[in-house]
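# Chains, contacts and geometry: an overview
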Amino acid sequence: MLGFKRLGLLAALVLVGIAPAAAAQAAVQPSQQDTQYLQAIHQVNLFEITKGELAGQKAQNQGITDLGQRIGTDHTQLDQTVEEVANQLGVELPSQPTADQQDAVDQLNNASGEEFDQLWLTSNLTGHVQAIQATQTEISQGSDSSVIELAQTALPTLQTHYDELVELANQLGVPVPQATGTGTASPGTTTPGPGTTTETPTPGTTTESPAPGGGTGTGSPAPGMS
């Protein structure tokens, strides 16, 4: 009888030890916002790395070649952190860009010369605006401190890329897509490049760089941002 009592006591102690551990494990599960941001920013990184390589191979303008290389390098470094955080939180990351992003890559592959340069700039401008917007949303609405910290680290890099893209676009006379009041990407009086019609637009209505905290706050970023 004493043996059964001891076994019962041991079982109770084991259960007491397991309960906090299970609760702790459940507590670290990332929110939908955090999960979708990690997945979306990873796809952005894959997309920008690919476009950086294309700029080195096909750009007619040396400024695009140089900027493409810097953007590709920065997104490679950013993605290393994204993968580390995702692994820690058990978030499965996509293995390739979205279908829309791949379509844009295909269009760039089929373009050459000045057409390539314009398409590349337009795609990167719109894509970085969306990435900035999603990153601002994560900073304001995210739950996990490691994902929020990742977004805070990524934002200045994305902003710098956008500023450099705007400067280069102005130099080359390439239209900078603006935003409508409904938040739909609009190039104003010009025609946007292929791959930009499904993009999420710049915050605000000017060609100025989106200010931190100027995101729409509409919730989780779309995985299709590019």
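Residues numbered from 1 in each chain as written. Predicted model: local features only at pLDDT ≥ 70, side-chain atom pairs only at ≥ 80, totals over all residues. Heavy atoms only, no water.

## Brief notes about the overall build of the protein
- Of the regular secondary structure elements, the protein holds six helices and two strands.
- Across the protein, helices and strands are ordered from the amino to the carboxyl terminus as α-α-α-α-α-α-β-β.
- Per-residue burial for the protein yields a buried fraction of 43% across its 226 residues.
- Taking as baseline every contact in the protein between residues at least 6 positions apart, the subset at least 24 positions apart corresponds to 83%.
- When the accessible surface of the protein is totalled, it reaches about 11,100 Å², and 52% of it is carbon and sulfur. (Helix = DSSP H or I, 4+ residues; strand = E, 2+ residues; numbered from the N terminus. Buried < 20%, exposed > 50% of the residue type's maximum accessible area, 1.4 Å probe, protein only. Contact = heavy atoms within 4.5 Å. Areas by Shrake-Rupley, 256 points an atom, 1.4 Å probe, with all protein chains shown as cover.)

## Digging into the pattern of salt bridges
- A full pass over the atoms with the stated rule returns two salt bridges.
- Among the salt bridges present, the one from Lys-51 reaches Glu-48, with a minimum N-O distance of 3.3 Å. Separated by three residues within a single helix, Lys-51 and Glu-48 lie in helix H2 (residues 32–58), roughly one turn from each other.
- Looking at Lys-51, the relative accessible area reads 0%, which means it is buried. (Salt bridge = Lys/Arg side-chain N within 4 Å of Asp/Glu carboxyl O.)

## With respect to the packing of H2 against helix H6 (residues 145–172)
- Axis separation between H2 and H6 bottoms out at 10 Å; the angle between their running directions is 40°. Regarding the angle of H2 to H6, the classification is oblique. The handedness of the crossing between H2 and H6 is left-handed. Across from Asp-34, Tyr-37 and Leu-38 in H2, the residues of H6 making contact are Val-147, Leu-150, Ala-151 and Ala-154. (Axes fitted to C-alpha atoms, helices over the stretch in contact; angles between N-to-C directions. Parallel < 35°, antiparallel > 145°, perpendicular 65-115°, else oblique. Left-handed = near helix turned anticlockwise from the far one by under 90°.)

## Quick look at helix H4 (residues 99–110)
- Its 12 residues place the ends of H4 17 Å apart at the C-alpha level, agreeing with the 16 Å of an ideal helix rising 1.5 Å per residue.
- For H4, the complete set of buried residues consists of Gln-101, Ala-104, Val-105 and Leu-108. Down the axis of H4, the sector holding all buried residues measures 100°, keeping them to one side. Exposed residues lying more than 90 degrees from the buried face of H4 are Ala-99 and Asn-110.
- Summarising the contacts, the buried residues of H4 are in contact with H2 and helix H5 (113–141). (Expected span 1.5 Å × (residues − 1). Arc of directions from axis to C-beta.)

## Considerations on the nonpolar core
- Counting residues in hydrophobic clusters, the biggest one holds 42 residues, and the most contacted among them are Leu-38 and Trp-120.
- Elements represented by at least two residues in this core include exactly H2, helix H3 (62–89), H4, H5 and H6.
- With 11 residues, H6 is the largest single contributor of residues to this core.
- Ignoring anything within four residues of it in the chain, the contact list for Trp-120 reads Lys-51, Gly-52, Ala-55, Ile-64, Leu-67, Gly-68, Ile-71, Leu-108 and Leu-165. (Core = buried A, V, L, I, M, F, W, Y, C linked by side-chain atoms within 4.5 Å.)

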